[in-house]
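Commentary on secondary and tertiary structure
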Amino acid sequence: LITIHAGAEASALPDASQLAARWGRPIPHELHRVELDEDVPDSVLEPLRRLRPDLVVVGTHARHGLATWLRGSVGEAIARNLRVPVLVVPNRARGFVSAENGAVDLRKIVVPAGNAEDARLGIEAAHRLARSAGSWAELEIVHVGPLSPELDRLGLPITRAGGLLEEAIISASHNLDACLIAMATRGHDEVGDVILGSHTERVIRESSCPVLSIRI
């Protein structure tokens, strides 16, 4: 576990030793402080790229409306600019790791997918995370619109929905009591994404569980 923080003194950074003591297991932990540039995401993105991590975990305020436009989101910026899976945990979200004993609960993972390739990326990333955490997971695809034979051949349960994609994903995650949403993203590939955020970013802002973002 490596913590990267921009600007704060090392003594002010969180330490995993308290969790390690509570969970009764060692957590090797390094604290890395980097100089804070004008742009916080830029300050941490280059160190993250040099580290080449298997997974990046970020928290987010999941701001809405004008606050998003004015202040932006460090977590969202990191997720759309890294080519490794980024686990985004909204501050208000229900996590899947017990703070008391470190037990991992990933029993239900929602994988939103517009096509079979997006679904495969989400499925592979979700399985890797579950295996690394030693957790059993049941996956379910969420799809809006006509169902393609390729999606059907993946052999997973599929929830079909209508309406806006983000609303369908959030609704399905609530109805299925999902522990995680694993979602492939292309980042900002349209002008509207710069203003409103990508589909993944809009899901992050409304989700009550962590979102695993997989950059295509």
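The structure under discussion appears in the preceding block.
First, a word on what this report is: a plain description of the structure on this page. (Residues numbered from 1 in each chain as written. Predicted model: local features only at pLDDT ≥ 70, side-chain atom pairs only at ≥ 80, totals over all residues. Heavy atoms only, no water.)

Observations regarding the overall build of the protein
Basically, it comes down to this: Strands are runs of DSSP state E lasting at least 2 residues, helices are runs of H or I lasting at least 4, and numbering of each runs from the N terminus. Burial classification: accessible surface area is computed with a 1.4 Å probe over protein chains only, and a residue below 20% of its type maximum counts as buried, one above 50% as exposed, and the rest as partly exposed. In what follows, residue pairs with any heavy atoms lying within 4.5 Å of each other are defined as contacts. Per-residue accessibility takes into account occlusion by the displayed protein chains alone, with areas from the Shrake-Rupley method and a 1.4 Å probe.
Of regular secondary structure, the protein possesses nine helices and nine strands. Buried positions account for 41% of the 216 residues belonging to the protein. Long-range contacts, defined here as pairs at least 24 residues apart, represent 70% of the contacts in the protein between residues at least 6 apart. When the accessible area of the protein is evaluated, it comes to approximately 11,800 Å², of which 52% is carbon and sulfur surface.

Side note on the nonpolar core
Applicable threshold: Among buried residues, those of type Ala, Val, Leu, Ile, Met, Phe, Trp, Tyr and Cys that are joined through side-chain atoms within 4.5 Å constitute a nonpolar core.
One finds V56, I78, L82, V86, I181 and V203 to be the most contacted residues of the largest nonpolar core, which totals 25 residues. Listing elements by their share of this core, those giving two or more residues are strand 1 (2-6), helix 2 (40-51), strand 3 (56-60), helix 4 (74-81), strand 4 (86-90), helix 7 (165-175), strand 8 (180-185) and helix 9 (199-206). Residues within four places of I181 in sequence aside, it is in contact with V110, P112, I169, S173, V203, S207, C209, P210, V211 and L212.

Brief notes about helix 4
For helix 4, every residue scored as buried is listed here: G75, E76, A77, I78 and A79. Structurally, helix 4 contributes buried residues whose contacts are with helix 2, strand 3, strand 4, helix 9 and strand 9 (211-215).

Quick notes on unusual backbone geometry
Phi is positive for R52, which is not a glycine, with a value near 50°. Tracing the chain through its elements places R52 in the loop between helix 2 and strand 3. For D177, which is not a glycine, the phi torsion comes out positive at approximately 55°. For D177, the location among the structural elements is in the loop between helix 7 and strand 8.

Re the side chain of S207
Inspection of the secondary structure assignment puts S207 in the loop between helix 9 and strand 9. Sequence-distant contacts of S207, that is, excluding residues within four places in its chain, are made with P90, R92, I170 and I181.

Here's the deal with the sheet that holds strand 3
In a beta sheet, neighbouring strands pair by backbone hydrogen bonds and run either parallel or antiparallel. Convention followed: Between any two strands, at least two bridges found by DSSP are needed for them to pair. Every angle, taken between N-to-C directions, lies between 0 and 180 degrees, and every axis is a line fitted to C-alpha atoms, over only the stretch in contact when it is a helix.
Strand order in the open sheet formed by seven strands is 3-4-9-8-5-6-7, with mixed pairing between adjacent strands. Looking along the sheet, the strands with just one partner apiece sit at the ends: strand 3 and strand 7 (158-161). Sheet twist, expressed as the average angle between the axes of neighbouring strands with direction ignored, equals 25°. Its contacts with the sheet put helix 5 (residues 116-132) on strand 5 (108-112), strand 6 (138-144), strand 8 and strand 9, and the angle it makes with strand 9 is roughly 125°. Lying over the sheet, helix 9 contacts strand 3, strand 4, strand 8 and strand 9, oriented at roughly 160° with respect to strand 8.

Quick word on the pattern of salt bridges
To keep things clear, this is the line we draw: Salt bridges are identified by distance alone: a Lys or Arg side-chain nitrogen within 4 Å of an Asp or Glu carboxyl oxygen.
Overall, the coordinates contain 12 salt bridges when judged by the stated rule. Put simply, E35 and R33 hold a salt bridge, and the shortest N to O gap is 3.2 Å. A residue is classified by how much of its surface remains accessible, and R33, at 35% relative accessible area, is partly exposed. Residue R49 pairs with E46 through a salt bridge whose shortest N-O separation is 3.9 Å. Within this pair, R49 and its partner E46 are both found in helix 2, separated by three residues, close to a single helical turn. Ionic contacts of the salt-bridge type, sharing partners, join the residues R94, D105, R107 and D177 into one network.

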